[in-house]
Structures are given as structure tokens and as C-alpha cells.
Amino acid sequence: MEKLALYRTAVRAVLKLHALPFSVGDIDVSEIIDDERDHYQVFMAGWSNGRYYHGPMISMQIKNGKIWIHHNGTESDVAEELVSLGVPKSDIVLAWQSPGLRRLTEFAIG
């Protein structure tokens, strides 16, 4: 399988793991998949305990041959989930960290 196809498959698999409906309140959770621009999200919107929630739980992008994790609002280690699906750490960027801090991780700088 070509690298881009493998990465798209891995990202979609991770999204599916996290796009399960919430059991609290009236929150809709959905996957947003844009293969044309290689942007991927698990998005939530709805009410729970008198508060409105709206935004990404997970946001990733494939660019320059790497998977960029822009946001992970879950308790799971999304980067390690990608590794378990065959993505090398050298092709995963923890984008929310500054490039200086990325140098201290096992993952790609950018």
C-alpha cells in the first residue's frame, strides 16, 4: 500500500475509535474526513449539563508526507494509536508542541 493510502487508512481508523456517541447530555460526535485536502477531525457539538460544547476532539492533517496531530482533546495517546497501525514515529508530528519541544520527543519535528 502506498504511503499516503496507508496514512489515510490509519487516520480514519483512529477517528472511528473516537467518534463514538457521548453518553452524557445531547452531544453529537461525528467524523469529518476531507481526503482532497487531507484534513481529518472528530467533531462534537451539543449540550451537556447546561453547557454547549462545539469543536474538535481530534484534529489531524497529512502534509509533506507526515501526519500532523494538531489537537488531541481525548485521554488517549493518538500518536501511539497511529504507531500501532504502522505509521513510523518519524512521520508523526505533535503539531501543538513548539518545534523546540518536538526535538525532545521520539516523534518528527516537522
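Presented here is a report on the structure given in the accompanying data block.

Cut-off values and rules
Within every chain, residues take consecutive numbers counted from 1 along the sequence as written. Under the rules for a predicted model, residues below a pLDDT of 70 receive no local features and side-chain atom pairs below 80 are neither given nor counted, while totals for whole chains, interfaces and linings still include all residues. For the side-chain quantities, the full set of heavy atoms in the structure was used; hydrogens and water were omitted. Note on pairing: two strands pair once DSSP finds at least 2 bridges between them. Helix and strand definitions here come from DSSP, where helices need a minimum of 4 consecutive H or I residues and strands a minimum of 2 consecutive E residues; each element is numbered from the N-terminal end. For helices, the axis comes from a line fit to the C-alpha atoms of the stretch in contact; other axes are also lines fit to C-alpha atoms, and the angle between any two N-to-C directions lies between 0 and 180 degrees. What is meant by a nonpolar core is a set of buried Ala, Val, Leu, Ile, Met, Phe, Trp, Tyr and Cys residues, joined one to another through side-chain atoms within 4.5 Å. Classification of residues uses two cut-offs on accessible area relative to the type maximum, computed with a 1.4 Å probe and protein chains only: under 20% is buried, over 50% is exposed, and between them is partly exposed. In this description, contact between two residues means that some pair of their heavy atoms is separated by no more than 4.5 Å. Pairing of aromatic rings covers Phe, Tyr and Trp, the last through its six-membered ring, and needs centres within 6.5 Å; plane angles under 30 degrees mean stacked, over 60 mean edge-to-face, and all others mean tilted. Two conditions define a charge located above a ring, namely a distance within 6 Å from the ring centre to NZ of Lys or CZ of Arg, and an angle within 35 degrees of the ring normal.

Quick look at the sheet that holds strand β3 (residues 51-63)
Each strand in a sheet pairs with another by means of backbone hydrogen bonds, the pair being arranged parallel or else antiparallel.
So, step 1. Here five strands make up an open sheet; going across it, the order is β1-β2-β3-β4-β5 and the pairing mixed. Every other strand in the sheet has two partners, leaving β1 (26-34) and β5 (92-94) as the edge strands with one partner each. For this sheet the average axis-to-axis angle between neighbouring strands, irrespective of direction, equals 15 degrees.
So, step 2. Where strand β4 (residues 66-72) lies against β5, three bridges are found, and the strand directions are parallel. What sits directly across from I69, in β5, is L94.

Observations regarding the nonpolar core
So, step 1. By size, the foremost hydrophobic cluster in this structure holds 24 residues, and its most contacted members are V11, M60, I67, I69, L82 and I92.
So, step 2. Per-element tally for this core: the top contributor is helix α1 (residues 3-18), with five residues.
So, step 3. Beyond its immediate chain neighbours, meaning those up to four positions away, L82 contacts A10, V11, V14, M60, I67, I69, V87 and I92.

Focus: the packing of aromatic side chains
So, step 1. Counted under the stated rule, the structure contains one aromatic pair.
So, step 2. Both rings, one in W47 and one in Y52, keep their centres 5.3 Å apart while their planes meet at 55 degrees; by these two values the pair is tilted.
So, step 3. We classify Y52 as partly exposed; its relative accessible area is 43%.
So, step 4. Over the aromatic face of W68 sits the side chain of K63, whose NZ or CZ is 4.2 Å from the ring centroid.

Brief notes about the pairing of β3
So, step 1. Two strands pair when backbone bridges link them, and strand β2 (residues 39-48) and β3 are joined in this way by 10 bridges, in the antiparallel orientation. From the neighbouring strand, Y40 faces β3, where its bridge partner is M60.
So, step 2. The loop that links β2 with its antiparallel partner β3 comprises two residues; one of these, N49, has a positive phi angle of about 50 degrees.
So, step 3. As paired strands, β3 and β4 are joined by six bridges and run antiparallel to one another. Residue pairing in the sheet places I62 in a bridge with I67 of β4.

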